[in-house]
Each structure stands twice: as C-alpha cells, then as structure tokens.
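Close look at the chain arrangement
Now for the letters of each chain:
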Amino acid sequence: MPLIAAAQSPLLQWRDPVYIIAGFAGIVGLALLLVQFLLIAGVLPGVPARRAHIWTGAGLVIAVFLHVAGLWITSPPDVVDVLLFRSPTPFSVWGVVAMWAVFATAGLAAFRKRLGLRAWRLGHNAAAVVIVSGTVIHAWLIQGAMEVTTKLGLCLVVVAAAVWVLRRRRVWRMLR
C-alpha cells in the first residue's frame, strides 16, 4: 500500500526518474524491515525462515545502497553534507545512523562464525534496534511522496513487529 500511495503523489510530477527510484528504494527498505521480523518470528508458513532472512537482509542492503546512490546522483553535495552530519535537516541524521547500522549488521552477519553466537546475537540485535528506530524516525520526519496514513501504518507495524520479536526471543536476557 505505501508504494501504491507514493506512486500517486503529486510531488513526483517534476522529479527525475533516478530520484523517484531512490525514494522508492527507501520505501522498499522500510517494508523489508517488517519482512525481516516476520521471518525471524516464524509466522510466514512454508518459508525457510533463516535462508529468507539472509536474502531479505541482502535485499535491505541493496535497497539502502540504491536509496543513497540515487540521492547522490541527483545531489552529491547534499549527500556529502548528510554523510558528514552537516545537513540542516533532522531526518538525515536518523537516516545515516540507520544506514551505517544496516551495513554493520551485514558485516556482523558475514563474520558470524568468527564472533561467536553470544557476541553476534547481541551485536545483531542491538543493530536491529538502531536500524528500526533510525529508519522509522527518518521516514516519519520526511515530508515527501510517501502518504501520511500508509507511512504511519507501516512505521507502526515495523516497530510493533520489532518489539514483539525481540521481546519474544528474549535477546536482552543474554546481557545479565
């Protein structure tokens, strides 16, 4: 629904295709976060959860890369300012923090066997909290093509799924 609603936005009329693709990659990335938590919860029957979680994570990395690369193509100085935390827009800080957490999570996944289960699980789940909170705040603060009602719904569902799964899996119990 958020993709359909965004596709009908009048704000897209004068935008370049690269900019539109970059924005839609961000929406897809937000939706993939929901899928990640549904996979880990095991509530998608018939789907090999672990393998699908890995592939969905790779898709999330690609979506983030396309989002940032598309914005880079349309306005390199703005992206440089965002990456250096010099941008005056508050949503950009949250987006950059979430982006680096996505890349850190991918790195943690790549070195999972070397880290040991406890360190990997704590790092992976801490990064998931940063990703979800940063992404949701980033999306919510942007006043763009994504329509408010579907954006609110998707953001709330992503946060609810994340809280439910992390609480259900008792991830933070390992800290004690």
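Above this text sits the structure in question.
Anyway, here's the lowdown on the structure attached to this text. (Residues numbered from 1 in each chain as written. Predicted model: local features only at pLDDT ≥ 70, side-chain atom pairs only at ≥ 80, totals over all residues. Heavy atoms only, no water.)

**Observations regarding the packing of helix H3 (residues 49-74) against helix H5 (residues 90-110)**
Following both chains from N to C, one finds H3 and H5 inclined at 145°, their axes separated by 10 Å at the closest point. Along this stretch, H3 crosses H5, giving a crossing that reads as left-handed. Facing Leu-60, Val-61, Val-64 and Val-68 of H3, the residues of H5 in contact are Met-99, Val-102, Phe-103 and Ala-106. Split by residue class, the contact of H3 with H5 holds eight nonpolar, no polar and no charged. (Axes fitted to C-alpha atoms, helices over the stretch in contact; angles between N-to-C directions. Helix = DSSP H or I, 4+ residues; strand = E, 2+ residues; numbered from the N terminus. Left-handed = near helix turned anticlockwise from the far one by under 90°. Contact = heavy atoms within 4.5 Å. Nonpolar A, V, L, I, M, F, W, Y, C, P; charged D, E, K, R; others polar.)

**Regarding the pattern of salt bridges**
According to the stated counting rule, one finds one salt bridge in the structure shown. The residue Arg-86 makes a salt bridge to Asp-81 at a minimum N-O spacing of 2.9 Å. (Salt bridge = Lys/Arg side-chain N within 4 Å of Asp/Glu carboxyl O.)

**Quick word on a nonpolar patch on the surface**
On the surface, a nonpolar cluster with roughly 850 Å² of combined accessible area is contributed by Phe-85, Val-93, Trp-94, Val-97, Val-130, Trp-140, Leu-141, Val-148, Leu-152 and Leu-156. Among the structural elements, Leu-141 can be located in helix H7 (residues 117-141). (Patch = residues over 30% accessible without salt bridge, like charges linked within 9 Å, V, L, I, M, F, W, Y side chains within 5 Å. Areas by Shrake-Rupley, 256 points an atom, 1.4 Å probe, with all protein chains shown as cover.)

**Brief notes about the packing of aromatic side chains**
One pass over the structure, following the stated rule, counts one aromatic pair. Measuring from centroid to centroid gives 5.7 Å for Trp-100 and Phe-103, while their planes differ by 80°, and the two rings are edge-to-face. In this pair, Trp-100 and Phe-103 both sit in helix H5, three residues apart, roughly one turn of the helix. Accessibility expressed as a relative area gives 49% for Trp-100, which makes it partly exposed. One cation-aromatic arrangement involves Arg-112 over Trp-120; the distance from NZ or CZ to the ring centre is 4.0 Å. Between the NZ or CZ atom of Lys-151 and the centre of the ring of Trp-140, over which it lies, the distance is 5.3 Å. (Phe/Tyr/Trp six-rings, centres within 6.5 Å; stacked < 30°, edge-to-face > 60°. Buried < 20%, exposed > 50% of the residue type's maximum accessible area, 1.4 Å probe, protein only. Lys NZ or Arg CZ within 6 Å of the ring centre and 35° of its normal.)

**Some thoughts on the layout of surface pockets**
Think of a ball as big as a water molecule: rolled over the atoms, this probe shows where empty space is left. A volume near 1200 Å³ is recorded for the largest pocket. Every residue lining the largest pocket is counted, 47 residues in all, and those nearest its centre are His-67, Leu-71, Phe-91, His-138 and Ile-142. Where the lining of the largest pocket is concerned, the elements lending two or more residues are helix H2 (17-41), H3, helix H4 (76-83), H5 and H7. Among the elements that make up the lining of the largest pocket, the one with the highest residue count is H2 (10 residues). Per-class residue counts for the lining of the largest pocket are 28 nonpolar, 14 polar and five charged. Here the second largest pocket is characterised by a volume of approximately 830 Å³. Lining of the second largest pocket is provided by 31 residues; of these, Gln-36, His-53, Ala-109, Trp-120 and His-124 occupy positions nearest its centre. (1 Å grid on protein atoms, 1.4 Å probe; cavity = no way out; pocket = protein on both sides within 12 Å on 5 of 7 lines; lining within 4 Å. Points joined across faces, edges and corners; volume = space filled by probe spheres on them.)

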